[in-house]
Amino acid sequence: SSTKLLIKGGTVVNAHHQEVADVYVEDGIIVAVKPDLKVSDDVKVIDATGKFVMPGGIDPHTHLAMEFMGTETIDDFFSGQAAALAGGTTMHIDFVIPVNDSLIAGLETYEEKAKKSCMDYGFHMAITKFDDIVSRDMEIIVKEKGINSFKFFLAYKGSLMVNDELLLEGLKRCKSLGALAMVHAENGDAVFEGQKRMIQLGITGPEGHALSRPPVLEGEATARAIRLAGFVNTPLYVVHVMSIDAMEEIAKARKSGQRVVGEPVVSGLVLDDSGLWDSDFATASKYVMSPPIRASGHDKALQGALSNGVLQLVGTDHCVFNSTQKAFGIDDFRKIPNGVNGIEERMHLVWDTMVESGQISITDYVRVTSTECARIFNIYPRKGAIIAGSDADIIILNPNSSFEINARSHHSRTDTNVYEGRRGKGKVEVTIAGGRVVWENNELKVVPGSGKYIEMPPFNYLFSGIDKADASYLSSLNAPVKRSKSTT
Ligand code: URP
Ligand code: ZN
Ligand code: ZN
Ligand code: ZN
């Protein structure tokens, strides 16, 4: 079936350029972007006059149908993606966490879960141990399975955490494969210590979660990961940057020329930790995620870092548990499943917080919500752009309309929302995914199985020149000093 669409009269915004133009779509692909396009009568026309026509959002960081902390996230690949589409996100990259399985078996589990997808998706792979088999499987994953990034957890001691030796092995392997190393940067040993201390002090509620893992532990792990990546000379992507401490380490490294990418998430940009002190457990526990949502001030500093380019793209870390699951930790914050929502809210909250406030331009909005993610994961300009030949993943945002967030009307399966009651300007009125109108007039029309797996090739732009840098470093070293064995 050949679906034809014309989006008429809107301001088409790309990361590099914006102009008033029509967008013509056929069979899921953008065919033309030009003012005043003439089309035949069988084409569905959408009037976008006075609105912005932008690439659909790409969320670089989600956890759908993930088994974690003794339970499973309540949004699966269908419900999480439906929520995403209702909020203007048309692709996400999810983390395969192969807890006890091989990497390949872990991936197969996720391939199965993703069969009900209603939008395009890709995968990152988590590495929780390292040996010859993992090393071989990493090569298969990159060369045959379309995954170009591996995540290392420096936190979650006793389950996912890796030590420095393993991180170094992983960084070297990533480099040789042209895959991007990603880190969850918190010092897991110190977190474990901090948690024991809170329990000893009798602090068992959700506030204990934040108190047990302060910003200094995020700063330490971020600095350590950056230095080790610098030692290996491979690019590094720091996921969910939540604190000034971590952000400043990234700023310093980037200033020195190191290739470090920093990903803030929406919760870190727009929330502060006050909710964790709410006397109602259901309210307080919904804010529990790692690294924790920080004290007021970190949010504004992260917004500033996104606006000045120290941080480059916004994720969500969408990882939701309902209030029944959160209540597993009613007597002990260590048992509260970690994670917050955001996949549906990201595009609206970044628009309102960053564009409406004047902190970033509209072209920068496209860059931080879509284009930069496509570039980093090597799928630009198929994704992240509105140009002839790109996939027809498109949103129409009305800057004069407004959004309101609450658990009653959101599309996620969870029963709470960390952004409950927020309103703001700018509303995604239409979402087009793979050339199909899936969100219009506040109605979702999603089809399970219509989402495609997007293969992501290795050696992104961050790798360019790395071999040369290594070669010039080696040639700059003096020949080994020859010493005689004789003693005096
Ligand atoms: O609390 C969080 N962030 N849950 C998801 C797992 C992770 O660390 O990204
Ligand atoms: Zn132009
Ligand atoms: Zn993490
Ligand atoms: Zn995460």
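Residues numbered from 1 in each chain as written. Chains lettered and ligands numbered in written order. Predicted model: local features only at pLDDT ≥ 70, side-chain atom pairs only at ≥ 80, totals over all residues.

- Per an unreviewed UniProt entry, the chain goes by dihydropyrimidinase and derives from Salix viminalis.
- In its Subunit (unreviewed entry) section, the UniProt entry covering the chain states "Homotetramer."
- The Sequence similarities (unreviewed entry) comment attached to the chain in UniProt states, word for word, "Belongs to the metallo-dependent hydrolases superfamily. Hydantoinase/dihydropyrimidinase family." (UniProt positions renumbered as here; feature names shortened; annotations may be inferred.)

**Remarks on the overall build of the chain**
Point 1. Each helix and strand counted, the chain has 15 helices and 18 strands in total.
Point 2. A compact globule built from 488 residues would reach a C-alpha radius of gyration of about 23 Å, and the chain, at 23 Å, matches this within 12%.
Point 3. Structurally, the chain occupies a C-alpha span of about 95 × 60 × 45 Å along its principal axes.
Point 4. Out of the 488 residues belonging to the chain, those deemed buried represent 55%.
Point 5. Residue pairs in contact within the chain that sit at least 24 positions apart in sequence constitute 76% of those at least 6 positions apart. (Helix = DSSP H or I, 4+ residues; strand = E, 2+ residues; numbered from the N terminus. Rg over C-alpha atoms; globule rule 2.2 N^0.38 Å. Buried ≥ 20, exposed ≤ 12 C-beta atoms within 10 Å, placed from the backbone. Contact = placed C-beta atoms within 7 Å.)

**Quick look at helix H3 (residues 132-144)**
Point 1. Here H3 is 13 residues long and its end C-alpha atoms lie 18 Å apart, about the 18 Å a rise of 1.5 Å per residue gives.
Point 2. Those residues of H3 that sit buried are Val134, Asp137, Met138, Ile141 and Val142. For H3, the buried positions fall inside an angular range of 135° around the axis, keeping them on one side. Along H3, exposed side chains directed more than 90 degrees from the buried face belong to Asp132, Ile133 and Glu144. (Expected span 1.5 Å × (residues − 1). Arc of directions from axis to C-beta.)

**Focus: the site of ligand 1**
Point 1. In the region of ligand 1, the neighbouring residues are His63, His184, Met289, Ser290, Asp317, Cys319, Asn338 and Gly339.
Point 2. The residue inventory of the shell around ligand 1, partitioned by class, reads two nonpolar, five polar and one charged. (Near = placed C-beta within 6 Å. Nonpolar A, V, L, I, M, F, W, Y, C, P; charged D, E, K, R; others polar.)

**Re the pairing of strand S11 (residues 149-153)**
Point 1. The buried fraction of S11 amounts to five of the five residues, a majority that puts the element mostly inside the structure.
Point 2. Residues Ser149, Lys151 and Phe153 point to one face of S11 and Phe150 and Phe152 to the other, with burial holding for every one of them.
Point 3. Two strands pair when backbone bridges link them, and strand S10 (residues 120-126) and S11 are joined in this way by two bridges, in the parallel orientation. Residue Ala126 lies in a different strand from S11, and its bridge partner there is Lys151.
Point 4. A crossover connection joins S10 to the parallel S11 through H3; in handedness this β-α-β unit is right-handed.
Point 5. In terms of strand pairing, S11 meets strand S12 (residues 180-184) through five bridges, oriented parallel. Pairing of Phe150 across the sheet is with Ala181, part of S12.
Point 6. In the classification by handedness, the crossover that spans S11, the intervening helix H4 (residues 164-177) and the parallel S12 is right-handed. (Pairing = 2+ DSSP bridges. Right-handed = clockwise from strand over helix to strand, strands pointing away.)

**Observations regarding helix H7 (residues 215-232)**
Point 1. Taking 1.5 Å of rise per residue, 18 residues should cover 26 Å, and H7 covers 26 Å from first to last C-alpha, within 8% of that figure.
Point 2. Pro215, Leu217, Glu218, Gly219, Ala221, Thr222, Ala225, Ile226, Ala229 and Val232 are the residues of H7 that are buried.
Point 3. Looking at the buried side of H7, the elements it contacts are H4, S12, helix H5 (188-200), strand S13 (236-238), helix H8 (244-255) and strand S14 (260-262).
Point 4. Looking one or two residues past H7, Asn233 carries a phi angle of roughly 60°, positive in sign.

**Observations regarding the confidence of the model for the chain**
Point 1. For the chain, the average pLDDT comes to 97, and 99% of its residues sit at 70 or higher.
Point 2. Interface scoring of the predicted complex returns ipTM 0.93; its pTM is 0.97. (pLDDT = per-residue confidence, 0-100.)

**Observations concerning the nonpolar core**
Point 1. Core analysis: the biggest nonpolar cluster contains 147 residues, and Val23, Val53, Leu85, Leu154, Ala181, Val183 and Val238 have the highest contact counts within it.
Point 2. With seven residues, the single largest contributor to this core is helix H1 (residues 77-86).
Point 3. Once residues within four sequence positions are removed from consideration, Val238 is found in contact with Val183, Ala185, Thr222, Ala225, Ala246, Ile250, Val260, Val261, Gly262 and Glu263. (Core = buried A, V, L, I, M, F, W, Y, C linked by C-beta atoms within 7 Å.)

**What to know about the sheet that holds S11**
Point 1. Pairing is parallel in the open sheet, where seven strands are placed in the order S6-S9-S10-S11-S12-S13-S14. The outermost strands of the open sheet, each flanked by one partner alone, are strand S6 (57-62) and S14. Pairwise comparison of adjacent strand axes, ignoring direction, gives a mean angle of 25° for this sheet.
Point 2. Of the pairings in the sheet, the one linking S13 to S14 comprises three bridges and is parallel in character. (Axes fitted to C-alpha atoms, helices over the stretch in contact; angles between N-to-C directions.)

**Let's talk about the UniProt feature "modified residue: N6-carboxylysine" (unreviewed entry) in the chain**
Point 1. With numbering aligned to this structure, UniProt lists the feature "modified residue: N6-carboxylysine" (unreviewed entry) at Lys151.
Point 2. Checked against the element boundaries, Lys151 lands in strand S11.
Point 3. Residue classification places Lys151 among the buried positions, given that 23 C-beta atoms sit within 10 Å.
Point 4. Every residue in contact with Lys151, bar those within four places of it in the chain, is listed here: Phe95, His124, Ala126, Met182, His184 and Val239.

**Observations concerning unusual backbone geometry**
Point 1. Cis rather than trans, the peptide bond between Ser290 and Pro291 has omega equal to -10°.
Point 2. Within the fold, Pro291 resides in the loop between helix H10 (281-285) and helix H11 (298-308).
Point 3. Note that the residue after Tyr380, namely Pro381, is joined by a cis bond; omega there is 5°.
Point 4. Mapped onto the fold, Pro381 is located in the loop between helix H14 (362-376) and strand S15 (394-404).
Point 5. Positive phi, normally seen in glycine, also occurs at Met69, with a value near 50°.
Point 6. By the secondary structure assignment, Met69 is in the loop between strand S7 (67-68) and strand S8 (71-72).
Point 7. Classification of Met69 by C-beta neighbours within 10 Å gives partly exposed; the count is 19.

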